[in-house]
Amino acid sequence: MPKAKTTEYSNTAKWLHWGMALVWMSSWALGILATHWRDELNPHHELTFLHKALASTLLFMIVVRVAWRLKNPPPALPDHMSGLMKQGAMIGHILLYAIALIALPLSGWYWSSVADKPILVAGLFLLPPLVAPDPDLYDLAKYIHTWTSWCCGALVGGHLLVAIKHHFIDKDDVLAGMLLKIRR
Ligand code: HEM
Ligand code: HEM
């Protein structure tokens, strides 16, 4: 008998996705609050410390996630999607991995290294500098991290809208297949 096509992500894939999504979205919000409400909320760089401590954990989680993902393919996308839409979904996921989950934390690490500022991963241990401190590169590093973070905000916003469209307009199982099923 042919095997039924699975539409559900495995539990490991779901925990990796939602764990990293939560850390990512909290880091993004902390970055914005730390920079744009500096006087009101971040007078002693408390939020900057939290932002770096939380966001830097993504550098470790992504290694586990990519290693696991390379051995475990995701479920098939629904049949109603055209070949072009399926390709679009794949490119979107590759961009999320490459830019939001790899390049963005790397750019923050680069900026702090250039600025000679410490990064205490999860508040537990120091991340070694990626490059030697260099005041001449400070503005460039800041520009790269800031712009990448805003582009990624748009990318994740688009990802969220597509997930909502799948559920409420296409009425398929794409979002349901990523939701954690909590059993009592
Ligand atoms: C090793 C990881 C990271 C380090 C060391 C880092 C470092 C920093 C620093 C020093 C700032 C400036 C904060 C301030 O001026 O008070 C900042 C801003 C910011 N970061 Fe990160 N970051 C990292 C990862 C991330 C990640 C993963 C995200 C997204 C989830 C992110 C999003 C932002 C945003 C949105 C801002 C504010 C940009 C603006 O000025 O509008 N960062 N980051
Ligand atoms: C509330 C926010 C989010 C929702 C509702 C959501 C929903 C989903 C859903 C339904 C999928 C299944 C596949 C598909 O879209 O076709 C998925 C996959 C994915 N999501 Fe999210 N997501 C959210 C936040 C995030 C964030 C913040 C990131 C990373 C920055 C992220 C990264 C990914 C990646 C890389 C995949 C592909 C997984 C794979 O097949 O390897 N997601 N997401």
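This one's a predicted model, so the numbers in the text were calculated from it and none came from an experiment.

Chemist: Looking at this structure, I do not really get the site of ligand 2. What am I missing?
Modeler: Around ligand 2, the structure places 22 residues, and the nearest of them are Tyr-9, His-17, Arg-69, Tyr-97 and His-159. In this structure, a nitrogen atom belonging to ligand 2 sits 2.8 Å away from a side-chain N or O atom of His-17. At 2.5 Å from an oxygen atom of ligand 2 is found a side-chain nitrogen or oxygen belonging to Arg-69. Looking at the shell around ligand 2, the elements with two or more residues in it are α1 (11–36), α4 (58–71), α5 (83–114) and α6 (138–168). Among the residues forming the shell around ligand 2, the class breakdown is 17 nonpolar, three polar and two charged.

Chemist: Would you take a moment to explain the coordination of the iron atom of ligand 1 for this structure?
Modeler: Tetrahedral coordination by four donors places them ideally at 109.5 degrees to one another around the metal; octahedral coordination by six donors ideally gives 90 or 180 degrees. The protein atoms that coordinate the iron atom of ligand 1 are His-51 (NE2) and His-145 (NE2), at distances of 2.0 to 2.1 Å. Its six donor atoms give the iron atom of ligand 1 angles of 89 to 179 degrees at the centre, a pattern that matches the octahedral case. Of this pair, His-51 sits in helix α3 (residues 46–55) while His-145 sits in helix α6, and the two are 94 residues apart along the sequence. Taken as a pair, His-51 and His-145 share a single burial class, namely buried.

Chemist: What exactly am I supposed to notice about the coordination of the iron atom of ligand 2 here?
Modeler: Of the protein atoms, only His-17 (NE2) and His-159 (NE2) coordinate the iron atom of ligand 2, at distances of 2.0 Å. Coordination at the iron atom of ligand 2 is octahedral: its six donor atoms span angles of 86 to 179 degrees at the metal. With a gap of 142 residues between them, His-17 in helix α1 and His-159 in helix α6 connect regions that are remote in the sequence. Given the relative accessible area of 31%, His-159 is considered partly exposed.

Chemist: Sorry, what's going on with the site of ligand 1 here?
Modeler: Around ligand 1, a shell composed of 27 residues is seen, among which His-36, Arg-38, Thr-48, His-51 and His-145 lie nearest. The contact in question runs from an oxygen atom of ligand 1 to an N or O atom on the side chain of His-36, over 2.6 Å. Separating an oxygen atom of ligand 1 from a side-chain N or O atom of Arg-38 is a distance of 2.7 Å. Of all the cavities here, the one that holds ligand 1 is the second largest pocket. When residues of the shell around ligand 1 are traced back to their parent elements, those giving at least two are α1, α3, α5 and α6. With eight residues, the top contributor of residues to the shell around ligand 1 is α1. The residue makeup of the shell around ligand 1, split by class, is twelve nonpolar, 13 polar and two charged.

Chemist: Whenever I open this one, the state of the cysteines confuses me. Can you help?
Modeler: A disulfide bridge is the covalent bond that connects two cysteines by way of their sulfur atoms. Applying the stated criterion across every chain, the model contains zero disulfides. Looking at Cys-152, it has no disulfide partner, and the nearest cysteine sulfur is the one in Cys-151, 6.9 Å off. Residue classification places Cys-152 among the buried residues on the basis of a relative accessible area of 1%.

Conventions used here
- Residues numbered from 1 in each chain as written.
- Chains lettered and ligands numbered in written order.
- Predicted model: local features only at pLDDT ≥ 70, side-chain atom pairs only at ≥ 80, totals over all residues.
- Heavy atoms only, no water.
- Near = heavy atom within 4 Å.
- Polar contact = N/O pair within 3.5 Å; in protein donor to acceptor, adjacent residues only side chain to side chain.
- Helix = DSSP H or I, 4+ residues; strand = E, 2+ residues; numbered from the N terminus.
- Nonpolar A, V, L, I, M, F, W, Y, C, P; charged D, E, K, R; others polar.
- Donors = N, O, S within 2.8 Å, 3.2 Å for Na, K, Ca; no water.
- Tetrahedral: all angles 85-135°; square planar, octahedral: opposite > 155°, others 65-115°.
- Buried < 20%, exposed > 50% of the residue type's maximum accessible area, 1.4 Å probe, protein only.
- 1 Å grid on protein atoms, 1.4 Å probe; cavity = no way out; pocket = protein on both sides within 12 Å on 5 of 7 lines; lining within 4 Å.
- Sits in = over half its atoms within 2 Å of the grid points.
- Disulfide = S-S within 2.5 Å.

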